[in-house]
Amino acid sequence: MSFGGTRILRVVHDETLMDQSNLISIGLRAKTGRAIAVVLGGSIEAPIVLLKTEIKLVDPKVPGTAQPYHEVMDLSWEESQREVRKYAAAIERTAQKALAKLIEEQRTKRLKIAGVGIVGAPDRDLARIGNPHIRAHAAEGVLFRRVLDLAAQSNGLKWQMFSDRNFDEAMAEKLGAKHSRVKQSLSELGRSISPPWRADEKQAAMAAWLVLSGL
């Protein structure tokens, strides 16, 4: 695949093969209890996947952190908001520490982090969801995305949030004529790394690319 005449398909796990720039970015795809992370380096024209991993957002010492809103699902929405805080606080601490570890691993390689791109559930009026079970799932989607926002902030990094709703359509509008080339190039990065390289990994990579490009 070419981008402006330059082939974009270089995937390595050795930062010594990067271009002269040591600037990288982190893309995170928020999921319930975890986040898929893609560390992208190289250049805008020739991005490199330096790392693909998963960040655990569940505190094993607090079992309710796996599905916190399910733990309080039988309460009224107002009561559940209060009761869920003990779980949410544990998740926030876990996310902050997990991201701090990932950041430190990159900085020990003398890499400079441009920022974090986070893909996840956007804020919404959860009180309007009448079904308690559906509302619990929706609330957890928002919560696990928000803790990544807070983790980036607490670790002193700039971050951008991208809604997982109609993600491809939003990216197409944002990138215009470049979208198909960038999307295809990021998709092809999965050929030279261990699977999986599914939609979630590709979204994390796209978010990282947008941060790296300054868009």
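Each remark here, short or long, concerns the structure printed above.
Let me begin by describing the structure that accompanies this report. Everything numeric here is computed off the predicted structure, so don't read it as measured data. Residue numbers run consecutively from 1 along every chain, following the written order of its sequence. Two thresholds apply to this predicted model, a pLDDT of at least 70 for residue-level local features and 80 or more for giving and counting side-chain atom pairs, whereas whole-chain, interface and lining totals are computed over all residues. In computing side-chain values, all of the structure's heavy atoms are included and hydrogens and water are not.

Let's talk about empty space enclosed by the protein
Then comes step 1: Only protein atoms enter the calculation, which uses a 1 Å grid: trapped sets of points that fit a 1.4 Å probe without letting it out are cavities, open sets showing protein on both sides within 12 Å along at least five of seven lines are pockets, and any residue with an atom within 4 Å of a point is a lining residue. Grid points are joined across faces, edges and corners, and a volume is the space filled by probe spheres set on the points. Tallied over the full model, the rule gives 3 cavities of 30 Å³ or more.
Then comes step 2: Of the pockets and cavities examined, the largest cavity occupies roughly 50 Å³.
Then comes step 3: When residues of the lining of the largest cavity are assigned to their parent elements, the largest contribution, 3 residues, is made by helix α4 (residues 132–154).
Then comes step 4: In the scheme used here, Gly and all other residues not listed as nonpolar or charged are polar, with Ala, Val, Leu, Ile, Met, Phe, Trp, Tyr, Cys and Pro taken as nonpolar and Asp, Glu, Lys and Arg as charged. Its residues placed into classes, the lining of the largest cavity shows 7 nonpolar, 1 polar and 1 charged. Secondary structure elements are defined from DSSP: runs of H or I of at least 4 residues count as helices, runs of E of at least 2 residues count as strands, and each element is numbered from the N terminus.

Comments concerning the nonpolar core
Then comes step 1: Grouped together as the largest cluster of nonpolar side chains are 38 residues, with contacts concentrated most on Ile26, Leu28, Leu57, Tyr69 and Leu148.
Then comes step 2: Residue assignment for this core shows that the elements contributing at least two residues are β3 (23–31), β4 (34–42), β5 (47–56), α3 (85–107), β6 (112–120) and α4.
Then comes step 3: The contact definition used throughout considers only heavy atoms, calling two residues in contact when any of these lie within 4.5 Å. Contacts of Leu28, omitting those with residues within four sequence positions, involve Ile36, Ala37, Ile55, Leu99, Val116, Gly117, Ile118, Val119, Leu148 and Ala204.
Then comes step 4: What we call a nonpolar core is a set of buried Ala, Val, Leu, Ile, Met, Phe, Trp, Tyr and Cys residues that are connected through their side-chain atoms within 4.5 Å. Residue exposure (1.4 Å probe, protein chains only): buried if accessible area is under 20% of the type maximum, exposed if over 50%, otherwise partly exposed. One finds Val49, Leu186, Leu189 and Trp197 within the second-largest nonpolar core, a separate group that totals 20 residues.

Quick notes on the sheet that holds β5
Then comes step 1: Ordered by their spatial adjacency, 5 strands build an open sheet running β5-β4-β3-β6-β7, and the pairing between neighbours is mixed. Every other strand in the sheet has two partners, leaving β5 and β7 (159–163) as the edge strands with one partner each. The average undirected angle you get between the axes of adjacent strands in this sheet is 20°. When DSSP finds two or more bridges between two strands, those strands count as paired. Note on definitions: angles span 0 to 180 degrees between N-to-C directions of axes, and those axes are lines fitted to C-alpha atoms, for helices only across the stretch in contact.

Here's the deal with the side chain of Arg29
Then comes step 1: Within the fold, Arg29 resides in strand β3.
Then comes step 2: Residue class for Arg29 comes out buried when judged on its relative accessible area of 9%.
Then comes step 3: N or O atoms closer than or at 3.5 Å make up a polar contact, with two conditions inside protein: a donor-capable atom paired with an acceptor-capable one, and, for residues adjacent in sequence, both atoms drawn from side chains. Separated by 2.7 Å, the side chains of Arg29 and Gln203 make a polar contact.
Then comes step 4: Those residues in contact with Arg29 that lie beyond four places of it in its chain are Arg34, Ala35, Ile36, Val119, Gly120, Asp164, Asp200, Gln203 and Ala204.

A look at the pattern of salt bridges
Then comes step 1: Any carboxyl oxygen of Asp or Glu that lies within 4 Å of a side-chain nitrogen of Lys or Arg is treated as forming a salt bridge with it. In the structure shown here, the tally under the stated rule is 11 salt bridges.
Then comes step 2: Between Arg145 and Asp123 there is a salt bridge; the shortest N-O distance is 2.5 Å. Of this pair, Arg145 sits in helix α4 while Asp123 sits in the loop between β6 and α4, placing them 22 residues apart in sequence.
Then comes step 3: For Asp123, a relative accessible area of 49% gives the class partly exposed.
Then comes step 4: With a shortest N-O distance of 2.9 Å, Arg146 and Asp123 are connected by a salt bridge. Remark: Asp123 occurs in the loop between β6 and α4 and Arg146 occurs in helix α4; sequence separation between them is 23 residues.
Then comes step 5: If you follow the salt bridges from partner to partner, you end up with Arg29, Lys31, Asp164 and Asp200 in one network.

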